[in-house]
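Each chain, written out:
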Amino acid sequence: MALPKVLYIARSDMGGGAEQRLNLTAQHYPGTLAVYVKYNHHTWNKVKTLPVAFIDRIFAPFNHIYYKITKGTRVNLRSRLFLTETCNQTWKHIKNLPEFWACDIVHISNLHTNYFDLSALEKIAQHKPIVLNVSDLWMITGGEAHSPGDDGFKSGIATTNDISLYPLSSPWIDRRQQMMEKKQKIFSRWKDRIFFMTNSDWTEQQFLSSWVMRFGPDYRTIKPGIDINLYINHKKRAWLKLRVLCFYSDSKFKNPALIQTALSQVTQPIELYVIGNPISLPNQNIQTHYVGKYLSSPELLSQQFNNVDVLLYPSIAETFGMMVAEAKSCGVCVIGTNGTAVEEQIQHRQTGLLINQNDAQQLASEIDWCAKNIESVREIGNNAAEDIRLNYTFERYMKETESYYQYIKQKTVIQTISK
């Protein structure tokens, strides 16, 4: 059977793990017709731009004023009014794309953040089967990308304890319960036309235990793969003092308070490399190097990983952890947290280190242990790189993805014939 032809749709062709996952899939899949995005960075020639929605033209000047007043908040007025998954004119734009009518499957990345109408799924599903990436928990909540410590989504309660969670942040109009119920109705009504790709065992567990997916969705768990020809362990670590890399962000998901507290308690001398926001530490044992707000290319990131021994990654909400896998591939010993999908990638003291999400003293103790056992840390890093080569290659990921596409095409063709 010939490979299915796929049209990809995403918010952006650059960004976090969800965008990266879909864009890399499209670049390497032979049956790719096009990638349509709202924010186009022109990373390759098949990336095209979705037309600007009328609502964005209306809100643009008001958002500009709002950002000035709120000093750069990431939440815009549409989010405040709970209009992120409506009024985007999604179906109007997609039905005019020649690639839509030529494709066998429409593969869509994260649906949230002001670019895709949830109701458009029903229109698309009437004509083409859909694959939805489940790269965070938005698909099963009322609107948050995650809801740490709140299992209301398992019983159909959308009003979580913390409304500050991305991509929502204290909206003026709270329609979370309505949105959760709408998702359940759409996904169950079109269960033979909408398919899901979860990205870890942890995500799969949350997905299947949710109230939204109680109808029994058709899905596969396909863990992302790493380009081991780019993220290479050069094995040239010969410096004497432990080098630690930290991506420091004010996002609560990245656990900045824990990082700050733990680093202030470190007793051994280390060199700390910081990417993201600058961090101020009243600790004479730590020599800090600020790398910059971000690294502009995977090549630079790979170089930085090879310049350190340890990556601090105590995230409280991680459905896979691409950064963890990329660092491991470069021979870095990652300190991650229990209770997220990162735990699946790490065997404690063998392919990384694990701590509890709220235990700053434990994190400080592990950093001190690393500083006193630098050769053991490097051996753990070498084991981590081997784990990636055995279990997380991009070739394995693409093979499983192609198999899923073929399954979807075959199943939907049979359904059409039977009708």
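Heads up: the structure comes first, above all this text.
A quick note: this is a predicted structure, and the numbers were derived from the prediction, not measured.

Peer 1: Break down the environment of Asn 306 for me, citing the residues and quoting the values.
Peer 2: Relative to the helices and strands, Asn 306 resides in the loop between helix H10 (298-305) and strand S11 (310-312). Spatially, the C-alpha atom of Asn 306 lies 38 Å from that of Tyr 67, the residues being 239 residues apart in sequence. Sequence-distant contacts of Asn 306, defined by excluding residues within four places in its chain, comprise Ile 232, Asn 233, His 234, Lys 235, Arg 237, Trp 239 and Cys 330. Among the polar contacts listed, one links the side chain of Asn 306 to the backbone oxygen of Ile 232, at a separation of 2.8 Å.

Peer 1: With reference to specific residues and values, describe unusual backbone geometry.
Peer 2: Of note, the amide linkage connecting Tyr 166 to Pro 167 takes the cis form, showing an omega dihedral of 5°. Topologically, Pro 167 is positioned in the loop between strand S5 (130-134) and helix H7 (176-189). At Thr 113, a position not held by glycine, the phi torsion is positive, near 70°. The topology assignment puts Thr 113 in the loop between strand S4 (105-108) and helix H6 (120-125). Judged by relative accessible area, Thr 113 falls into the buried class, the value being 13%.

Peer 1: How would you explain the sheet that holds S5 if you had to name every residue and give the values?
Peer 2: Pairing is parallel in the open sheet, where 7 strands are placed in the order S3-S2-S1-S4-S5-S6-S7. Strands with a single pairing partner mark the edges of an open sheet, and in this sheet they are strand S3 (47-49) and strand S7 (218-221). With strand direction ignored, the average angle separating the axes of adjacent strands in the sheet is 25°. Two elements, strand S2 (residues 32-39) and S3, share 3 bridges in a ladder whose sense is parallel. Across the sheet, the residue bridging to Val 37 is Thr 49, located in S3. Most of the contacts of helix H1 (residues 17-28) go to strand S1 (residues 6-12), to which it runs at about 150°, and overall it touches S1, S2, S3, S4, S5 and strand S6 (194-198).

Peer 1: Now, about H7: what can you tell me, with residues and values included?
Peer 2: Helix length check: H7 (14 residues) gives 20 Å between terminal C-alpha atoms against 20 Å at 1.5 Å per residue, within 8%. All of the buried residues in H7 are Arg 176, Met 179, Met 180, Lys 183, Gln 184, Ile 186 and Phe 187.

Peer 1: Which residues make up the pattern of salt bridges, and what values go with them?
Peer 2: Pairing between side chains becomes possible if they bear opposite charge and their charged atoms approach one another. Counting across every chain of the model gives 19 salt bridges. Two residues, Lys 48 and Glu 99, come together in a salt bridge whose shortest N-O distance is 2.6 Å. Placement of Lys 48 in strand S3 and of Glu 99 in helix H5 (residues 98-102) is noted, with a sequence separation of 51 residues between them. According to the relative accessible area criterion, Lys 48 is partly exposed, its value standing at 32%. Connected through shared salt-bridge partners, Lys 38, Asp 56 and Arg 78 make up one network.

Thresholds, definitions, all that
- Residues numbered from 1 in each chain as written.
- Predicted model: local features only at pLDDT ≥ 70, side-chain atom pairs only at ≥ 80, totals over all residues.
- Heavy atoms only, no water.
- Helix = DSSP H or I, 4+ residues; strand = E, 2+ residues; numbered from the N terminus.
- Contact = heavy atoms within 4.5 Å.
- Polar contact = N/O pair within 3.5 Å; in protein donor to acceptor, adjacent residues only side chain to side chain.
- Buried < 20%, exposed > 50% of the residue type's maximum accessible area, 1.4 Å probe, protein only.
- Pairing = 2+ DSSP bridges.
- Axes fitted to C-alpha atoms, helices over the stretch in contact; angles between N-to-C directions.
- Expected span 1.5 Å × (residues − 1).
- Salt bridge = Lys/Arg side-chain N within 4 Å of Asp/Glu carboxyl O.

Keep in mind these numbers describe shape, not what the thing actually does.
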